[in-house]
Amino acid sequence: MSGFRTPLSRARGLGAAKHGVGAWISERVSAAALVPLVLWGVFAAIRLASLDYYGAVAWMTSSALNPTLLVLLIVASFLHMHGGLRVVIEDYIEKRASRAGLLLLNLFACALFGALAVFSILKVALGGAV
């Protein structure tokens, strides 16, 4: 009798439909945004390596472009990391309670550390850390 099932009836209950497309697109968009931002970040890190603290603060406050690109790099990096870890947790953690706990930990850790990084950048850029 099971040989007469339709493809739709065989697929029911095997996973969420239409959920993966949004996650897939957001991963690709964040990865595409990270390409030029990481190249800029490497260039900035090489330039900042030869400066002391006050030189780095001067570099950060010299124009609005540097802190803006740095904030974009941090935000895109943490969004990309959150999405990637979410997929790994969803795919490889079988216990429902463990999966839920790890997904929450992933969300809160990425949000906390991303917010701290953005706050630190803005504090230096706006002159509060000299």
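Each value, and the rule that gives it
- Residues numbered from 1 in each chain as written.
- Predicted model: local features only at pLDDT ≥ 70, side-chain atom pairs only at ≥ 80, totals over all residues.
- Heavy atoms only, no water.
- Axes fitted to C-alpha atoms, helices over the stretch in contact; angles between N-to-C directions.
- Helix = DSSP H or I, 4+ residues; strand = E, 2+ residues; numbered from the N terminus.
- Parallel < 35°, antiparallel > 145°, perpendicular 65-115°, else oblique.
- Nonpolar A, V, L, I, M, F, W, Y, C, P; charged D, E, K, R; others polar.
- Patch = residues over 30% accessible without salt bridge, like charges linked within 9 Å, V, L, I, M, F, W, Y side chains within 5 Å.
- Areas by Shrake-Rupley, 256 points an atom, 1.4 Å probe, with all protein chains shown as cover.
- Salt bridge = Lys/Arg side-chain N within 4 Å of Asp/Glu carboxyl O.
- Phe/Tyr/Trp six-rings, centres within 6.5 Å; stacked < 30°, edge-to-face > 60°.
- Buried < 20%, exposed > 50% of the residue type's maximum accessible area, 1.4 Å probe, protein only.
- UniProt positions renumbered as here; feature names shortened; annotations may be inferred.

**So, the packing of helix H4 (residues 65–92) against helix H5 (residues 96–125)**
(1) Moving on: Close contact between H4 and H5 brings their axes to 10 Å; oriented N to C, the two are set at 175°. As summarised for this structure, H4 and H5 are arranged roughly antiparallel, according to the angle between their axes.
(2) Moving on: Taken together, the residues of the contact of H4 with H5 sort by class into 19 nonpolar, three polar and three charged.

**A short note on a nonpolar patch on the surface**
(1) Moving on: Where nonpolar side chains cluster on the molecular surface, the patch consists of Val 21, Trp 24, Ile 25 and Val 29 and spans about 410 Å² of accessible area.
(2) Moving on: Mapped onto the secondary structure, Val 29 falls in helix H2 (residues 19–49).

**A closer look at the packing of aromatic side chains**
(1) Moving on: Scanning all chains against the criterion turns up two aromatic pairs.
(2) Moving on: Centroid distance Trp 40 to Trp 59: 6.0 Å. Interplanar angle 25°. Geometry classified as stacked. In this pair, Trp 40 is assigned in helix H2 and Trp 59 in helix H3 (residues 53–61), connecting sequence segments 19 residues apart.
(3) Moving on: Here Trp 40 falls in the buried class, since its relative accessible area comes to 16%.

**Here we look at the UniProt feature "transmembrane region" (unreviewed entry) in the protein chain**
(1) Moving on: Mapped onto the present numbering, the UniProt feature "transmembrane region" (unreviewed entry) falls on residues 29–49 and 101–122.
(2) Moving on: Annotated as residues 29–49, this span is 100% helix and 0% strand, and its ends, taken at the C-alpha atoms, are 30 Å apart.
(3) Moving on: For residues 101–122, the end-to-end C-alpha separation is 31 Å, with 100% helix and 0% strand making up the annotated structure.

**Here we look at the pattern of salt bridges**
Two side chains that carry opposite charge are able to pair once their charged atoms sit near each other.
(1) Moving on: This model, assessed by the stated rule, comprises one salt bridge.
(2) Moving on: With its nearest N and O atoms 3.1 Å apart, the salt bridge here joins Arg 28 to Glu 27.
(3) Moving on: Take Glu 27: its relative accessible area is 18%, and that puts it in the buried class.

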